[in-house]
Structure formats: C-alpha cells, structure tokens
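Tertiary structure, described
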Amino acid sequence: MKVLFVTSEAAPFVKTGGLGEVAGSLPQALKKLGVEVSVVLPKYGPISDDYRKRMVHVTSLTVSLAWRRQYCGIERLDYQGLPFYFLDNEYYFKRPGFYGYFDDAERFAFFSRAALEGLKIIAPAAQIVHVHDWQSALVPVFLRAFHPQCNAKTVLTIHNLKFQGVFTHWVLHNILGLGDEYYTADKLEYYGKVNYLKAGIVFSDLLTTVSKSYAEEIKYPFFGEGLDALIRSQEKKLHGILNGLDYNDYNPQTDQRIYVNYKNSLAQKQKNKLKLQEELGLPTKKEIPLLGMVTRLTAQKGLDLLIHILGELMEQNLQLVILGTGEQKYEQIFKEAVSAYPGKFRILLKFDEVLARRIYAGADLFLMPSLYEPCGLSQLIALRYGALPVVRETGGLKDTVFPYNEKTGEGNGFSFTNYNAHDFLFTINRALRYYQDKKLWSELIKKATAADYGWEKSARAYLHLYRGLCKKGR
Ligand code: ADP
C-alpha cells in the first residue's frame, strides 16, 4: 500500500494544533503496519534552520494556476525513516506565519496543484492521496479536472469543519483555472462563493473525520457549520476515526521537557507541580489543587463557560494556569484576571511546547469545556500525564473521557453534558472533592494513565479504509 499525505502542517516541522500533530504521527503509525507513506507540505519560512539544512533539492517544476506559471522546488528530508517533501516557492511561503494572508486562496491552490504535479516524482505509484482540511481539499477536484488518467483514490480528513476556505467567485477562473461547470450547488458553489472544503467533500472518494461522535454531530446544523446538508448527502462515504497520540513522544517516563519523570505516581506528579508553581511564581504548596489549560484562545474551547464562573471558581483554594494564544478578547479578560486573583491565576500568552508539557505533568486537573471538539489531543495528553480531564461531552471528548463512577469505580476523568457554566463548575467541584482523598486520587491517576490512545488502533482503521477503497473500481 502506497499513500501520499498532502498536508499544510506536519510536526515536528510545522504545527499550529491538532492537524500538525496528526500529520506528523499517523504516517509513522501507518509505516509500522507496512504502508509506504510520503508526506508533502509547503516549505514555510518559519521551519527551523536545522531542518532546512538537511533538505535535499530533488527537482523543480512549473505549476499552472489559471494563467500563471509558477516555480516550485521540491526538496526532500528523511525524518525517522519517512520521506517528507517540501514544496518551495518563496513568494507564497517565505513569510513569518502560515495562514491568514490576503492571498491564501492562491497559496493553497498552488500547494494543491503543485502536490499533484509532483506526484510522479514524489510518489509515482501512490494508490491513495490523503488530504487534510481545506488547505489541501482542492486535490480531489484538481485530480479529476487536470489528471483524469491518474488512478489514485482520494481521502479527505476533516480535522475541524469550521475552517472551510471560502473565497470570492473570482478565484474559480482566475486561480483554480476551473470552468463554470464546477460552479454549481452540488460542486464548489457556496452562497455565491467558492468553498475549498466543500470541493474536497464532494470530489473525494472517501471522507473521514477525527472521532465517531463528531462524524455524527456534523450531520446536524449546530455542528455542521453550514455544510450539514451536504455531509448528510455524503454520509455513506463518511467515517469517524479517532486520532491517536504519539506515545513515544508524549511519555512522562522519558519526556526530557518535564522536571521529573514518572509513570503514574501522585508523589512524582507533585514534584512537577512544585517546580511548575515555582516557575510561574505561584505559592509552592503541593496540597493546593492545580488546574491547567493548554489551548487556543477561541470560543470553540469553551472559554466563555470558564469566564462566567471564574469568580466563583477562584474563591476556592486552588490555582489555575492557562497557556494559550488566540483572540484578543480572551487575552484581555485573562490578563485582567491575573491582577484580580494574585497568587492563584496565571495566563501565559504564547505557544510554548516545553511549558505545555510541564503543565500537563504538574496539573491535577485539565479543563476542556469545549463547545465542540472534533477529536481533541489535549485531553489525551492530559490522560497520559495523569492530569485528570474535566470535559464537556462532545465530539472526541465524549469518545475518550469517561466520567468517574463512584459506585463502579469506572471512568478516567470528569464530564458534563450541557453547555452550561454551572454544570462545568459543579463538575470541577465534584472532582475537587475526590482530590481530597489522596488514595482515591492516586487510583484515578493510574486509571487515566492506563488508557490506551496510541495510534495503532486508528492506523489500522485507516489502512482498512484504504484497502476497501483500492478494491473499488473508478
Ligand atoms: P486544536 O487542534 O483544536 O487546537 P487539539 O487539542 O486537537 O486542539 O490540539 C492542540 C495541540 O496544540 C495540543 O497538543 C496542545 O498541547 C497544543 N497547544 C495548544 N496551544 C498551545 C500553546 N499555547 N503552547 C503549546 N502547545 C499548545
């Protein structure tokens, strides 16, 4: 089985969230199952020099985008036994960031076209081209329009339906080079605009999303982001496969970035907590429960619930630390909270992998009251590091965190159903009551860390889908 991943991020080179994490680790897991995987991504400016120096120039191509003829260099870097190909065009990608530029429509159309033009060189015998989110969702339509002789099948994984890549009608002719026959309600047209993710949903051979619950949820208007009717019409080809976590990388027994390595011991976790408190300038007391969040600061993550109950929460004997970047409104509210709750609350407005891991290692509870959550990796990391997750029952959170049941002893965390701030507070308080019982808490840590959310099972599920697809004719 030969597969090409076309993705706008892949760890460790580029990661802004879950997509980067998945595109970095799923190919490795597939490789262990005997799949030959290559990964192609843009050669962005912020990719570190260590990696850039190791890239080897393979060839260069000219890529058509409507009337444009653009240069594209192909560079290869082998990382942990996998070939990664970087598409080089400095005009499009040598910028300080990754997304959010005025010409994203053109940049990612270029990326998708270039990946297909390079297919003959990168992965000539690929049976499957696996694309991710709107940034590479044009690949299936370009394959149909410009490479009709290519037999590869396409799989689109939706990591977050909210981001769709919607642009003016102008791009259809002037960037995509497609004719009006593609501008219909059952193809790329979306309320008078062109929707890249919709193109992928319609033209891909198979559609996946990152948990079973989210695959169900997006068939309804509340979660469907305006595409629920389309998703319902395509439901036969839709599958929910939970993301895994790279258990080698996220391993508290070997993680070099945390203060003290441990397996599942409360005492060792407390050593991490004391060091973290010290680093953050909080009172260093191992008995005080430390609540943590590592998150994008956006409404999706349920921050409005937290803000609503922050006053009541902070009256209690606890500490709360949030690491995240995002919307200014949230940054501002949390900055003000630092002075309102001195010695109890910290906000760290940055993207910091080391600190993130120290929070997972040091926190007793990890808060994730998401409004919606396609899969969520943070709760999986929290489980792995024995920070008991408090989550809302939605999407992947519902599929991975099971509320502790006092009577049966089952469960690996705490959860609530409705998007309601006081339900959230009640659930935190319930957890805090159990926290007072050190013996019970130690057992809960053991349960949390024993959960297996590694990649193997999920990689097998993808392989099963790939095989099924290859058996089908065009
Ligand atoms: P999403 O992809 O929606 O942002 P996920 O939970 O799927 O959410 O994945 C988020 C990933 O990004 C996790 O690995 C989390 O630890 C990491 N992350 C989020 N914000 C930060 C930050 N400010 N610093 C370091 N890591 C972060």
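Up top is the structure.
Because the structure is a prediction, the values reported are computed rather than measured.

Looking only at helices and strands, one finds 20 helices and 18 strands in the protein chain. The C-alpha atoms of the protein chain give 23 Å as radius of gyration, which agrees with the globular expectation for 474 residues (23 Å, within 12%). Seen through its C-alpha atoms, the protein chain measures out along the principal axes to roughly 65 × 45 × 45 Å. Looking at the protein chain as a whole, 61% of its 474 residues are labelled buried.

Quick look at the site of the ligand now. With respect to spatial proximity, 21 residues lie near the ligand, and among them Gly-18, Arg-296, Lys-301, Lys-350 and Tyr-360 are the closest. In this structure, Lys-350 approaches the ligand through a main-chain N or O atom, which is 2.8 Å from a nitrogen atom. Between the ligand and Asp-352 there is a distance of 3.0 Å, counted from a nitrogen atom to a backbone nitrogen or oxygen. Here the ligand has 560 Å² of accessible area as a free molecule, and 93% of this is covered by the chains. The biggest single contributor to the shell around the ligand is strand S13 (residues 290–297), with three residues.

With that out of the way, let us pick up the nonpolar core. If you look at the biggest cluster of nonpolar residues, it comprises 99 residues, and the most contacted ones within it are Leu-176, Leu-188, Tyr-196 and Ile-201. If you tally residues by element for this core, the top one is helix H4 (residues 104–117), at eight residues. Those residues within four positions of Leu-188 in sequence are excluded, and the remaining contacts are Val-141, Leu-172, Leu-176, Leu-178, Tyr-182, Lys-193, Val-194, Asn-195, Lys-198, Ala-199 and Phe-203. Tyr-262, Leu-320, Leu-383 and Tyr-435 belong to the second-largest nonpolar core, a separate cluster that totals 75 residues.

On to the pattern of salt bridges, then. What the rule picks out here adds up to 21 salt bridges. Between Lys-15 and Glu-21 there is a salt bridge, with its nearest N and O atoms 2.7 Å apart. With relative accessibility at 23%, the residue Lys-15 sits in the partly exposed group. A relative accessible area of 10% means that Glu-21 is categorised as buried. When the shortest N-O distance is used, the salt bridge between Asp-364 and Lys-273 registers 2.6 Å. Of the two residues, Asp-364 is situated in the loop between helix H15 (353–362) and strand S16 (365–368) and Lys-273 in helix H12 (residues 266–280); the sequence distance between them amounts to 91 residues.

Applying the stated rule across the entire model yields 33 aromatic pairs. Seen in terms of ring centroids, Phe-13 and Phe-86 are 5.1 Å apart; in terms of plane orientation they differ by 85°. Their pairing is edge-to-face. Of this pair, Phe-13 sits in the loop between strand S1 (2–6) and helix H1 (18–32) while Phe-86 sits in strand S5 (residues 82–88), placing them 73 residues apart in sequence. Note on accessibility: Phe-13 and Phe-86 belong to one class, buried. These aromatic residues form a ring-pair network of at least three members: Tyr-44, Tyr-91, Tyr-92, Phe-93, Phe-98, Tyr-99, Phe-108, Phe-110, Trp-134, Phe-167 and Tyr-196.

At a minimum axis distance of 7 Å, the contact between helix H6 (residues 139–146) and helix H8 (residues 196–203) shows a crossing angle of 65°. Residue-level contacts link Pro-140, Val-141 and Arg-144 of H6 to Ala-199, Gly-200 and Phe-203 of H8. Of the residues in the contact of H6 with H8, the class split is four nonpolar, one polar and one charged.

Attention now goes to the environment of Met-368. Tracing the chain through its elements places Met-368 in strand S16. Each C-alpha atom, one on Met-368 and one on Gly-302, is 7.2 Å from the other, the two residues being 66 residues apart in sequence. With near-sequence residues (within four places) excluded, Met-368 lies in contact with Glu-373, Gly-376, Ser-378, Gln-379, Val-390, Val-391, Arg-392 and Leu-397.

The next thing to look at is the side chain of Asp-133. Relative to the elements of secondary structure, Asp-133 occurs in the loop between strand S6 (128–132) and H6. Despite its burial, Asp-133 pairs with no opposite charge, the nearest such side chain being Arg-296 at 9.0 Å. Once you skip the residues sitting within four places of it in the chain, Asp-133 turns out to touch Leu-19, Leu-156, Thr-157, Ile-158, His-159, Asn-160 and Leu-197.

Thresholds, definitions, all that
- Residues numbered from 1 in each chain as written.
- Predicted model: local features only at pLDDT ≥ 70, side-chain atom pairs only at ≥ 80, totals over all residues.
- Heavy atoms only, no water.
- Helix = DSSP H or I, 4+ residues; strand = E, 2+ residues; numbered from the N terminus.
- Rg over C-alpha atoms; globule rule 2.2 N^0.38 Å.
- Buried < 20%, exposed > 50% of the residue type's maximum accessible area, 1.4 Å probe, protein only.
- Near = heavy atom within 4 Å.
- Polar contact = N/O pair within 3.5 Å; in protein donor to acceptor, adjacent residues only side chain to side chain.
- Areas by Shrake-Rupley, 256 points an atom, 1.4 Å probe, with all protein chains shown as cover.
- Core = buried A, V, L, I, M, F, W, Y, C linked by side-chain atoms within 4.5 Å.
- Contact = heavy atoms within 4.5 Å.
- Salt bridge = Lys/Arg side-chain N within 4 Å of Asp/Glu carboxyl O.
- Phe/Tyr/Trp six-rings, centres within 6.5 Å; stacked < 30°, edge-to-face > 60°.
- Axes fitted to C-alpha atoms, helices over the stretch in contact; angles between N-to-C directions.
- Nonpolar A, V, L, I, M, F, W, Y, C, P; charged D, E, K, R; others polar.
- Lys, Arg positive; Asp, Glu negative; His and termini not counted.

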